[in-house]
Amino acid sequence: MSTQIKKIGVMTSGGDAPGMNAAIRAVVRTGLSYGMEVVGIKNGFKGLLAGDIIPFKSSNVSDIIQRGGTILQTARCKEFMEREYQERGADMCRVFGIEGLVVIGGDGSFQGAEKLANLGINTIGIPGTIDLDIACTRYTIGFDTAVNTAMDAINKILDTSSSHSRCSIVEVMGRHAGYIALWCGIATGAEIVLIPEEDRRTNDDIIKSIVENRNRGKKHFLIVVAEGVGNCQELAQAIEHITGIESRVSVLGHLQRGGAPTALDRMHASLMGIYAVDLLAQGKAKRIVGYDNGQYVDYDINEALQMKKDINELRLRAVQILSIK
């Protein structure tokens, strides 16, 4: 195999996600198989600006596929929103001879990648975010692990909720997207799921639903809330005050970001990493890798950032239908 690109870089940016290490491994080893030099950029765009760049050999990515987090570490870089810093980032790529750059991250990371692409750096994005909130792809690296981690925690909470006939309110991650909450709600039998994309139900609506289920013989209750909805403590107090049902809030938080990635995350991350380097080897740039209908695909980065993603109506109905006792 031959290619005109001689040197590529890889970085992880924004929030970490299980499976990022598998993607890094795939990018490094695929690049080396093409005869490219490969470097890792530590701490995302912040590390790029600082020149925190290290050479990678195949041995550098041994025994990392099973690890959560990212060996390249990650950071958010507000400065990169400014033109001056974008130009400095592009200049740093040229100083180090980086002709192609793979950025693993979410929407904010892709906006930074877009700026570099517009400044002449061959850039490919790989979707790595547990929130599944990137519109151009049906799968993002880390989502499956995050959902399974949250589901396991909720199962444990339900054990004690059942023992004490409680109402358990569990907050999962998802500031602007409710996919984790929705999947966890269906998978754990939640009575109610609250997500940012849906009009917020009033406390009275929620309490009425709980009372109706209690009247049918339900002994304990589960409400899953995406963090972007908020007000979990207020809701718990209202439920307990009006119904007399002991109510407790559990915030899972960054527990969901950690842990060994599932097989699904490792597989998608590995194949997306290969696909990204293949695109660079073919002379393509300014692309985002996606997954759709069983195939790995790619989109123009500007087009991808303009896409909007909707919640599947069937999944919303599933919560309502399956929660009725």
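Parameters at a glance
- Residues numbered from 1 in each chain as written.
- Predicted model: local features only at pLDDT ≥ 70, side-chain atom pairs only at ≥ 80, totals over all residues.
- Heavy atoms only, no water.
- Helix = DSSP H or I, 4+ residues; strand = E, 2+ residues; numbered from the N terminus.
- Buried < 20%, exposed > 50% of the residue type's maximum accessible area, 1.4 Å probe, protein only.
- Polar contact = N/O pair within 3.5 Å; in protein donor to acceptor, adjacent residues only side chain to side chain.
- Contact = heavy atoms within 4.5 Å.
- Axes fitted to C-alpha atoms, helices over the stretch in contact; angles between N-to-C directions.
- Parallel < 35°, antiparallel > 145°, perpendicular 65-115°, else oblique.
- Left-handed = near helix turned anticlockwise from the far one by under 90°.
- Core = buried A, V, L, I, M, F, W, Y, C linked by side-chain atoms within 4.5 Å.
- Salt bridge = Lys/Arg side-chain N within 4 Å of Asp/Glu carboxyl O.
- Expected span 1.5 Å × (residues − 1).
- Pairing = 2+ DSSP bridges.

S.K.: Now, about the side chain of Ser 13: what can you tell me, with residues and values included?
M.R.: Secondary-structure assignment places Ser 13 in the loop between strand E1 (7-12) and helix H1 (20-33). Its relative accessible area of 5% is what places Ser 13 among the buried residues. Polar contacts involving the side chain of Ser 13 include one to the side chain of Ser 109, which spans 3.0 Å. Setting aside residues no more than four positions away along its own chain, Ser 13 makes contact with Met 20, Gly 44, Phe 45, Thr 74, Ala 75, Ile 104, Gly 105, Gly 106 and Ser 109.

S.K.: Tell me about the packing of helix H6 (residues 179-188) against helix H11 (residues 313-322), and name the residues and values.
M.R.: At a minimum axis separation of 10 Å, H6 and H11 run at an interaxial angle of 40°. One element, H6, and the other, H11, form an angle in the oblique class. Both H6 and H11 take part in a crossing whose hand is left-handed. On H11, the residues touching Leu 182, Trp 183 and Ile 186 of H6 are Arg 315, Leu 316, Ala 318 and Val 319.

S.K.: Can you lay out the nonpolar core for me, pointing to particular residues and giving the numbers?
M.R.: One finds Ile 126 and Ile 180 to be the most contacted residues of the largest nonpolar core, which totals 61 residues. Within the second largest apolar cluster, 27 residues are counted, among which are Leu 48, Leu 49, Cys 77 and Ala 304.

S.K.: Give me the environment of Gln 282: which residues, what numbers.
M.R.: With respect to the helices, strands and loops of the structure, Gln 282 is situated in the loop between helix H9 (263-281) and strand E10 (287-292). Taking the relative accessible area as the measure of exposure, Gln 282 reaches 52% and is therefore exposed.

S.K.: So what about the pattern of salt bridges? Which residues, and what values?
M.R.: Summed over the entire model, instances satisfying the criterion amount to 9 salt bridges. A salt bridge links Asp 152 to Lys 156; the shortest N-O distance between them is 2.8 Å. Taken together, the residues Asp 152 and Lys 156, both in helix H5 (residues 143-164) and 4 residues apart, mark about one turn of the helix. Lys 156 sits in the exposed class, given a relative accessible area of 51%. With its nearest N and O atoms 3.3 Å apart, the salt bridge here joins Arg 166 to Glu 246. Of this pair, Arg 166 sits in the loop between H5 and strand E6 (167-172) while Glu 246 sits in the loop between helix H8 (232-243) and strand E9 (247-251), and the two are 80 residues apart along the sequence. Overall, Arg 166 belongs to the buried group, its relative accessible area being 17%. Taken together, the salt bridges that share partners define one network made up of Arg 166, Glu 240, Glu 246 and Arg 248.

S.K.: A description of H1 should follow, citing residues and the corresponding values.
M.R.: Counted at 1.5 Å a residue, the expected span for H1 with its 14 residues is 20 Å, and the 20 Å between its end C-alpha atoms agrees. Here H1 lies mainly inside the structure; 10 of its 14 residues are buried. Inspection of H1 places Met 20, Asn 21, Ala 22, Ala 23, Ile 24, Ala 26, Val 27, Val 28, Thr 30 and Gly 31 among the buried residues, and these make up the whole buried set. Turning to H1, the residues buried within the fold contact E1, strand E2 (37-41), strand E3 (53-56), strand E4 (100-105), strand E5 (122-127) and H9. One or two steps after H1, the chain reaches Gly 35, where phi turns positive at roughly 85°.

S.K.: Please provide a residue-by-residue account of the sheet that holds E2, values included.
M.R.: Taking strand neighbours across the sheet as the criterion, the 7 strands line up as E3-E2-E1-E4-E5-E10-E11 in an open arrangement whose pairing is mixed. The strands lining the two open edges of the sheet, one partner per strand, are E3 and strand E11 (295-300). Each strand of the sheet is rotated relative to its neighbour by a mean of 25°, with strand direction disregarded. With 5 bridges connecting them, E1 and E4 associate as parallel partners. Each bridged residue has a counterpart across the sheet, and for Val 10 the counterpart in E4 is Val 102. Contacts between H1 and the sheet are confined to E1, E2, E3, E4 and E5, with E1 contributing the most and set at about 180° to the helix.

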